[in-house]
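# Fold and geometry: a report
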Amino acid sequence: MAPRVCILCCQAVKWAPVVFISAIVGWSYYAYVVQMAILTADTIAEKIIFLVLYHPILFLFVWSYYQTIFAKAKTPPKEFFLSQTEWQQLESETNENNQRDKLNNFAKKLPIQNRTIAGFPRYCEKCKCVKPDRCHHCSVCSICVLKMDHHCPWVNNCVGFHNYKYFVLFLGYALLYCIYVAVSSLKYFISFWSGGSATGVGRFHILFLFFVAVMFGISLISLFGYHIFLTVHNRSTLEAFRAPIFQTGADKDGFSLGSRANFAEVFGDKKSHWFLPIFTSLGDGVSYASRLQPTISYNTMGTTPRAETTNLGDGVTYPTRTVDLDSDGLLGQRQRWMEEGDTESSYENKGIESA
């Protein structure tokens, strides 16, 4: 009984940030629609304009947020997982050269370009699989996530190949929502702040609404701008902190194919779908074109060109210990940030980023 209660408490804690954001949005709807647009706006025309412009922005914001939260994380295909016999032999091997040979032999049929610093295929001890390029293990979700960007507490989900477009749109529409609310309520904020004639609870709702919109808007500007920068450079947050290592060495722009192609990889090639939170990202999340292999196509595992396992290292570090650290060892004490979690400073205690 006690373990079950503990699990339920942990789940409640994880969902707390989502509940908080949802409560803020719900209250802002009441404050804007009821208190400002309906009860406070001076003219009928103003009321209509406020309501007509507000609801599409809110709809896109909530839709994007919902998609980011509930999109199921994509894990490596079955081809990347070792059989029980294979991983038992691998993990019982004490000679590092033999470990390398076993992994190389297994990985030679897989489309991977990145390795650990020591030249090993990147292996996850928790999932018992060779990690595809740009894939990392999340200790919060307890799975390897394709093209993992980070684990975001505000959506209680990993942000990766499965929902990165949704996440960027969520930030963009959240920023647009804050800007619209702040600009449209500015007139009444100034009036009430300077001691206007309005009285009652509604006045405080509008004053607080303006402050909240400005506060969240300021924090979202830098975060949204940063992820647009990452998108056009074809980097994840993890790759921005520690570049993946290719045959030619560490290269933060190793997967960059030019700003237009990079943008299309996340948002798709149909302009009509760019601003809708529907999945249009190119590829399968497993194999990626790079400077070394620019002709890799976005196909399924069955038709993706195979890369030989002669490439060198990969390493990922992250300040809050929420992703794996691929260092110069293979098994034992390495790949611990996201692989093992950190009992000393867990994700829940430190968080990962501002969103």
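Structure first, text after, so check above.
Anyway, here's the lowdown on the structure attached to this text.

Rules of the game
Numbering of residues begins from 1 in every chain and follows the order in which that chain's sequence is written. A pLDDT threshold of at least 70 governs which residues receive local features in this predicted model, and a stricter bar of 80 or more applies before side-chain atom pairs are shown or counted, although totals over entire chains, interfaces and linings include all residues. With hydrogens and water excluded, all non-hydrogen atoms of the structure serve as input to the side-chain values. Salt bridges are defined as contacts in which a side-chain nitrogen from Lys or Arg sits within 4 Å of a carboxyl oxygen from Asp or Glu. Starting at the N terminus, helices and strands are each numbered in turn, a helix being any DSSP run of H or I of at least four residues and a strand any DSSP run of E of at least two. Burial classes follow relative accessibility: with a 1.4 Å probe on protein chains only, a residue under 20% of its type's maximum area counts as buried, one over 50% as exposed, and anything between as partly exposed. In plain words, nonpolar cores are sets of buried Ala, Val, Leu, Ile, Met, Phe, Trp, Tyr and Cys residues tied together by side-chain atoms within 4.5 Å. Whether two residues are in contact is decided by their heavy atoms, any of which lying within 4.5 Å being enough. Pairing of aromatic side chains requires ring centres within 6.5 Å, counting the rings of Phe and Tyr and the six-membered ring of Trp. Pairs whose planes differ by under 30 degrees are stacked, by over 60 edge-to-face, and all others tilted. By the criterion adopted, a ring carries a charge over it if an Arg CZ or a Lys NZ lies within 6 Å of its centre and within 35 degrees of its normal. For this analysis, a polar contact is any N or O atom pair within 3.5 Å, provided that within protein one partner can donate a hydrogen and the other can accept it, and provided that sequence-adjacent residues contribute only side-chain to side-chain pairs. Every axis corresponds to a line fitted to the C-alpha atoms, with the helix fit spanning only the stretch in contact, and the corresponding angles, defined between N-to-C directions, vary from 0 to 180 degrees. What sets the label is the angle itself: under 35 degrees gives roughly parallel, over 145 gives roughly antiparallel, 65 to 115 gives roughly perpendicular, and the rest give oblique. Residues were grouped as follows: Ala, Val, Leu, Ile, Met, Phe, Trp, Tyr, Cys and Pro as nonpolar; Asp, Glu, Lys and Arg as charged; and all remaining residues, including Gly, as polar. Cysteine sulfur pairs qualify as disulfides if the two atoms are within 2.5 Å. For a residue, the bend is simply the angle between two axes, fitted respectively to the seven-residue segment ending there and the seven-residue segment starting there. Here a patch means residues that are over 30% exposed by relative accessible area and free of salt bridges, tied together within 9 Å if like-charged and within 5 Å if nonpolar (Val, Leu, Ile, Met, Phe, Trp, Tyr). Residue burial considers only the protein chains on display, and all accessible areas are found by Shrake-Rupley using a 1.4 Å probe.

Let us look at the pattern of salt bridges. Inspection of the entire model under this criterion finds eight salt bridges. For lysine 187, the salt bridge goes to glutamate 46, with nearest N and O atoms at 3.5 Å. You can see lysine 187 sitting in helix 5 (residues 164-193) and its partner glutamate 46 sitting in helix 2 (residues 44-70), a full 141 residues away along the chain. Accessibility expressed as a relative area gives 45% for lysine 187, which makes it partly exposed. For glutamate 46, a relative accessible area of 17% corresponds to the buried category. In this structure, arginine 134 and glutamate 239 form a salt bridge, with 2.8 Å as the shortest nitrogen-oxygen distance. Of the two residues, arginine 134 is situated in the loop between strand 2 (129-130) and strand 3 (136-138) and glutamate 239 in helix 7 (residues 237-241); the sequence distance between them amounts to 105 residues.

Mapping threonine 237 onto the fold places it in helix 7. Threonine 237 gets classed as buried once you look at its relative accessible area, which sits at 1%. With 88 residues separating them in the primary sequence, threonine 237 and aspartate 149 have C-alpha atoms 5.2 Å apart.

In this structure, Tyr32, Phe50, Tyr54, Phe61 and Phe170 are the most contacted members of the largest nonpolar core, which totals 50 residues. Elements with a minimum of two residues in this core: helix 1 (2-38), helix 2, helix 5, helix 6 (201-233) and helix 8 (259-267). Sort the elements by how many residues they give to this core and helix 5 lands first, with 17 residues. If sequence neighbours within four positions are ignored, phenylalanine 170 has contacts with Phe61, Ser64, Tyr65, Thr68 and Val155. One finds Phe80, Leu103, Cys127 and Val286 within the second-largest nonpolar core, a separate group that totals 21 residues.

Here we take up the packing of aromatic side chains. Evaluated as defined, the whole model comprises 22 aromatic pairs. Judged by centre distance (4.7 Å) and plane angle (45°), the ring pair of tyrosine 66 and phenylalanine 70 falls under tilted. Of the two residues, tyrosine 66 and phenylalanine 70 both sit in helix 2, four residues apart, roughly one turn of that helix. With centroids separated by 5.5 Å and ring planes inclined at 75°, the aromatic side chains of phenylalanine 161 and phenylalanine 279 adopt a geometry described as edge-to-face. Of this pair, phenylalanine 161 sits in the loop between strand 6 (157-159) and helix 5 while phenylalanine 279 sits in the loop between helix 8 and helix 9 (347-350), and the two are 118 residues apart along the sequence. In this structure an aromatic cluster arises from ring pairing among Tyr29, Tyr32, Phe50, Tyr54, Phe61, Tyr65, Phe167, Phe170, Tyr177 and Tyr180. The cationic tip of arginine 100 hangs over the ring face of phenylalanine 120; the distance from NZ or CZ to the ring centre is 4.6 Å. The residue whose ring lies beneath lysine 128 is tryptophan 87, and the NZ or CZ to ring-centre distance is 4.3 Å.

Quick look at the side chain of serine 184 now. With respect to the secondary-structure elements, serine 184 resides in helix 5. Polar side-chain contacts of serine 184 include one of 3.0 Å to the side chain of tyrosine 32. Within the local environment of serine 184, its side chain forms a polar contact with the backbone oxygen of valine 181, the two atoms lying 3.4 Å apart. Setting aside residues up to four positions removed in sequence, serine 184 forms contacts with Tyr32, Met36 and Phe50.

Moving on, we come to the packing of helix 6 against helix 8. Where helix 6 contacts helix 8, the two axes come as close as 6 Å, and the packing angle between them is 110°. It follows that helix 6 is roughly perpendicular to helix 8 by the angle criterion. In contact with Thr231, Val232 and His233 of helix 6, helix 8 contributes Ser259, Asn262, Phe263, Val266 and Phe267. For the contact of helix 6 with helix 8, a count of residues per class yields four nonpolar, four polar and no charged.

Moving on: the environment of glycine 217. Positionally, glycine 217 belongs in helix 6. Judged by its relative accessible area of 8%, glycine 217 falls in the buried class. Between the C-alpha atoms of glycine 217 and leucine 175, which are 42 residues apart in sequence, the distance is 5.4 Å. Apart from the residues lying within four places of it in its own chain, the contact partners of glycine 217 are Leu175 and Cys178.

Take the state of the cysteines next. For the structure on display, the rule yields zero disulfides. The cysteine cysteine 144 is free of any disulfide, with cysteine 124 supplying the nearest cysteine sulfur at 3.5 Å.

What follows is about helix 5. Within an α-helix, residues lying three or four positions from one another point in the same direction, as the helix has 3.6 residues per turn. The largest bend along helix 5 measures about 50° and falls at leucine 186. With 22 of 30 residues buried, helix 5 lies mostly within the body of the structure.

Residues Ile44, Ile48, Ile49, Val52 and Leu53 make up a contiguous nonpolar surface patch of about 490 Å² in total accessible area. Since its relative accessible area comes to 48%, isoleucine 48 is described here as partly exposed.

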